[in-house]
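Each chain, letter by letter, is given below.
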Amino acid sequence: MDKKIMAAVACTLLLAACGQDSGEETRESYIAVYQEFTEVSDETVTESETTVPVTFSPLTAENDGSYLSDVLIIGDGECGKAVSCGLLTEENVISVPGAGPDDILSAEVGGKKVRDIVKTSGKPYIYLLFTEGELLNGLSAEKYGSELFTLGEELRGLSPESMVIPLSVLPFSDDYAPEGDISEYNESLHMWVRSSPDEYFIYKDVSFVCGENGRIFDKYADADGGVSPEGWHDLLRYIETDRFFNDMTETGTSYDGLAAKREKYSVTDGKVAYLTFDDGPSKYTSQILDILRENDIKATFFITGWCIEGKENILKQVADEGHTVGLHSWSHDYESIYSSTDSWLEDFAKVYRKVYAVTGQKPWCFRFPGGSYNNYNRDTADDIIAEMERRGFAFYDWNAATADASTSATYDSCLENISDSINADHEVVLMHDSLELTPEYLQDVIDYIRGQGYTFETVDTADEVRF
């Protein structure tokens, strides 16, 4: 991109994002640029023979070797099949036939209490996995979620350095399928885990091995109606690859393997507005979520990392309610993050890990603090952009704004700014969920934009908008 565009971004909208106020009323022109992403294909995984162990690719140096060697899976008898078919070793699995979430820690394995094994295991990732036995024993969906939540919290106490990750219920074969929908149990578990402010206690959905009504796909079912070695292979492969970062050919830095893969998308015809919010989460984010929910609107939130502490539940709510979660740096410190490409990546990797830990989602989009070209990154912007594109990330500037971050911003000025800046078919609207003013004017902004004939979507369906 030509850096001469730098001269055009010294306008109210850009300065507002930097917390400054130029006093100008003129809206500059912005260019929506289509960015075609090169998707890096996942390694093709073939189904293994039932007696042949599967070799998993090693993780990056950050986790010091193979991810699966750092995993402890705790569950009922079904989990033991991961050992018997040669996919995991006994030190990676605690399998107690017939046990449930409420009594597994008090059970004994090899003459030792499970709780004592956990204390000494030293595994940084503990996965919880239970099967249909619990449901068939009459445990309700609500009770199941509650008991597994309690187990997860107790495990965090026993092993505070470990991340605890409850997985969705293992699926049913046709012979053992319940009358109800298995999704009720998974939704209950997800709800309970979401209620915890603990960023290292997250839920993972592995229902990709299921067909309709929770019944297991034939290729993943064994003769007893449980999960076959092929099913365990794909399940563990998912666990192994669903870590913080994909393998990359990097060494020695905190951003080893930092990469994104955007899903294929198509841009909606007609007039579409993409509401975006920077600098959260904050105490005002929940009010904004209420307004968006009442208007049936999904938006995009670009998260600032240092703001997350103590507001993990709010960030989880943003993700769980279907809004797109993007990144906006960890520190928002212009001089630091724009000093070099390495400084940018170090900061970006930190907020990436934090957002992933809290939401279980891997962000693919971001927004540069101050916009992609500003007074702080004149010498580094091009290199940083090229590196982020190489890693598969997409960034969004904006072509409409309320200028709510301006020091002179008022309710009236925000409405005036949005009416002056909304005039293209596709508008990426800049706002901030860190400000008390935003929930005060948001409903009227929505009403105005809707009155101009726009519908609302997240940036998942938007081409990149760049200065």
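The structure displayed is predicted, hence computed values, not measured ones.

> Got a sec to walk through the overall build of the protein? Specific residues and values, please.
Scanning the protein from terminus to terminus reveals 14 helices and 16 strands. A sequence separation of at least 24 residues applies to 77% of the contacts in the protein between residues at least 6 apart. Carbon and sulfur atoms make up 46% of the accessible area of the protein, which amounts to about 19800 Å² in all.

> How would you summarise the pattern of salt bridges if you had to cite specific residues and measurements?
Per the stated rule, a full pass over the model turns up 13 salt bridges. Among the salt bridges present, the one from Lys81 reaches Glu78, with a minimum N-O distance of 3.1 Å. Lys81 sits in the partly exposed class, given a relative accessible area of 22%. Asp278 is paired through a salt bridge with Arg367; the nearest N and O atoms lie 2.9 Å apart. Linking Asp278 in strand E8 (residues 272-280) with Arg367 in the loop between strand E11 (365-366) and helix H12 (381-390), this pair joins segments that are 89 residues apart in sequence. Overall, Asp278 belongs to the buried group, its relative accessible area being 2%.

> Give a detailed account of the nonpolar core, specifying residues and quantitative values.
Residues Leu275, Trp344 and Ile449 are the most contacted members of the largest nonpolar core, which totals 70 residues. Top contributing element to this core by residue count: helix H11 (residues 341-359), with 8 residues. Other than its neighbours up to four places away in sequence, Ile449 contacts Ala273, Leu275, Ile418, Ile422, Val429, Tyr454 and Phe456.

> Summarise the packing of aromatic side chains; cite the residues concerned and give the values.
Enumeration according to the criterion identifies 19 aromatic pairs in this entry. For the ring pair Phe149 and Phe201, a centre distance of 5.7 Å and an interplane angle of 35 degrees mean the geometry is tilted. Note that Phe149 is positioned in helix H5 (residues 141-158) and Phe201 in the loop between helix H6 (183-194) and helix H7 (229-241), a separation of 52 residues in sequence. Considered together, Phe149 and Phe201 belong to a single accessibility category, that of buried residues.

> How would you explain unusual backbone geometry if you had to name every residue and give the values?
Cis geometry is found at the peptide bond from Gly280 to Pro281, where omega equals 5 degrees. One can find Pro281 in the loop between E8 and helix H8 (285-294). Its identity as a non-glycine residue notwithstanding, His332 has a phi of 60 degrees, on the positive side. On the secondary structure map, His332 appears in the loop between strand E10 (324-327) and helix H10 (334-337).

> Help me get a handle on the pairing of strand E14 (residues 426-432), residues and values and all.
A large share of E14 lies buried, amounting to 6 of its 7 residues. Looking at chain direction, E8 and E14 are connected through 7 bridges and run parallel. Residue pairing for E14: Thr276 is matched across the bridge by Leu430. Pairing of strand E13 (residues 400-401) with E14 involves 2 bridges; the strand directions are parallel. When the bridges of E14 are listed, Ala401 appears paired with Leu430. Regarding topology, helix H13 (residues 411-421) serves as the crossover connection from E13 to the parallel E14, and that connection is right-handed.

> With reference to specific residues and values, describe the sheet that holds strand E2 (residues 71-75).
Spatially, the 4 strands line up as an open sheet ordered E3-E2-E6-E7, and their pairing is parallel. Of all strands in the sheet, those with a lone pairing partner are strand E3 (93-95) and strand E7 (163-166), marking the two edges. Sheet twist, expressed as the average angle between the axes of neighbouring strands with direction ignored, equals 15 degrees. Note: E2 against strand E6 (residues 125-129), 5 bridges, orientation parallel. Bridge pairing in E6 links Ile74 to Leu128.

> Residue-level account of the packing of H6 against helix H9 (residues 312-320), with values.
Direction vectors running N to C along H6 and H9 enclose 150 degrees, while the axes themselves pass 10 Å from each other. Overall, the two elements H6 and H9 adopt an arrangement that is roughly antiparallel. Each of His190, Val193 and Arg194 in H6 lies in contact with H9, whose residues at this interface are Asn313, Lys316 and Asp320. Class assignment of the residues belonging to the contact of H6 with H9 gives a composition of 1 nonpolar, 2 polar and 3 charged.

> So what's going on with the side chain of Lys316? Which residues, and what values?
Position of Lys316 relative to the elements: it lies in helix H9. Despite its burial, Lys316 pairs with no opposite charge, the nearest such side chain being Asp198 at 7.2 Å. Those residues in contact with Lys316 that sit more than four places away from it in its chain are Val193, Arg194, Ser196, Asp198, Phe201 and Val358.

> Kindly report on H11, identifying the contributing residues and their values.
With 19 residues, H11 extends 26 Å from end C-alpha to end C-alpha; this agrees with the ideal 27 Å at 1.5 Å per step. Of all the 19 residues making up H11, 14 are buried; the element is thus mostly covered by neighbouring parts of the structure. Phi turns positive, to about 75 degrees, at Gly360, one or two residues after H11.

> So, the side chain of Glu464: which residues are in play, and what are the values?
Along the chain, Glu464 falls in the loop between strand E15 (455-456) and strand E16 (465-466). For Glu464, a relative accessible area of 1% translates into the label buried. At a separation of 2.8 Å, a polar atom in the side chain of Glu464 contacts the main-chain amide nitrogen of Phe395. Among the polar contacts listed, one links the side chain of Glu464 to the side chain of Arg466, at a separation of 3.2 Å.

> Which residues make up the environment of Phe277, and what values do they have?
Examined against the element boundaries, Phe277 turns out to sit in strand E8. Here Phe277 falls in the buried class, since its relative accessible area comes to 0%. Between the C-alpha atoms of Phe277 and His432, which are 155 residues apart in sequence, the distance is 4.6 Å.

Parameters at a glance
Residues numbered from 1 in each chain as written. Predicted model: local features only at pLDDT ≥ 70, side-chain atom pairs only at ≥ 80, totals over all residues. Heavy atoms only, no water. Helix = DSSP H or I, 4+ residues; strand = E, 2+ residues; numbered from the N terminus. Contact = heavy atoms within 4.5 Å. Areas by Shrake-Rupley, 256 points an atom, 1.4 Å probe, with all protein chains shown as cover. Salt bridge = Lys/Arg side-chain N within 4 Å of Asp/Glu carboxyl O. Buried < 20%, exposed > 50% of the residue type's maximum accessible area, 1.4 Å probe, protein only. Core = buried A, V, L, I, M, F, W, Y, C linked by side-chain atoms within 4.5 Å. Phe/Tyr/Trp six-rings, centres within 6.5 Å; stacked < 30°, edge-to-face > 60°. Pairing = 2+ DSSP bridges. Right-handed = clockwise from strand over helix to strand, strands pointing away. Axes fitted to C-alpha atoms, helices over the stretch in contact; angles between N-to-C directions. Parallel < 35°, antiparallel > 145°, perpendicular 65-115°, else oblique. Nonpolar A, V, L, I, M, F, W, Y, C, P; charged D, E, K, R; others polar. Lys, Arg positive; Asp, Glu negative; His and termini not counted. Expected span 1.5 Å × (residues − 1). Polar contact = N/O pair within 3.5 Å; in protein donor to acceptor, adjacent residues only side chain to side chain.

Honestly, that's just the spatial picture; any functional story needs more than this.
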